[in-house]
Amino acid sequence: MFNFLPTLLAQASPGGSSGGISSMLMFLPIIAVFYFLMIRPQQKQAKKHREFLSALKKGDDVVTNAGIFGKIDAIEDSQVRLEIARDVKIRVLKSQIAGTQPGTAEAASGAPAPAKKD
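The structure displayed is predicted, hence computed values, not measured ones.

(A) How the structure looks around the side chain of Asp 73. Checked against the element boundaries, Asp 73 lands in strand 2 (residues 69-75). Note on Asp 73: relative accessible area 17%, which makes it buried. Among all residues touching Asp 73, those that are not within four sequence positions of it are Lys 58, Arg 81, Leu 82 and Lys 89.

(B) Inspection of the pairing of strand 3 (residues 79-85) at higher detail. In this sheet, strand 3 lies alongside strand 2 in antiparallel orientation, the contact comprising four bridges. Note that in strand 3 the partner of Ala 74 across the bridge is Arg 81. Here strand 3 runs beside strand 4 (residues 88-93); their pairing, made up of six bridges, is antiparallel. Each bridged residue has a counterpart across the sheet, and for Arg 81 the counterpart in strand 4 is Arg 91. Connecting strand 3 to the antiparallel partner strand 4 that follows it, the hairpin turn spans two residues, and Asp 87 within it adopts a positive phi of roughly 60°.

Cut-offs used in this document
- Residues numbered from 1 in each chain as written.
- Predicted model: local features only at pLDDT ≥ 70, side-chain atom pairs only at ≥ 80, totals over all residues.
- Heavy atoms only, no water.
- Helix = DSSP H or I, 4+ residues; strand = E, 2+ residues; numbered from the N terminus.
- Buried < 20%, exposed > 50% of the residue type's maximum accessible area, 1.4 Å probe, protein only.
- Contact = heavy atoms within 4.5 Å.
- Pairing = 2+ DSSP bridges.

In structure tokens:
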């Protein structure tokens, strides 16, 4: 499986410094591709989530990363108290709130939810 490794090591030029610089220059486009395709979108998504968390307020219907639906009862620095049923309240980390409950805007306005497309 690793039969190419001895051949590759035998082809390496001993003491050639220009080979090291050119191989380093080959990795620059690869690093740029990783940055623009993986790292940068993840940073944008994290920023968007931080902005969402800072905009939370009492009474918002949310869902946690664990799939628990609830209404925000109180917000502290890093914790949120959710009411998940009448007189049932739990504390969760603010960072574990994934988003708002789907369909809450339609439920509040009394309009029916849009039909699902197949």
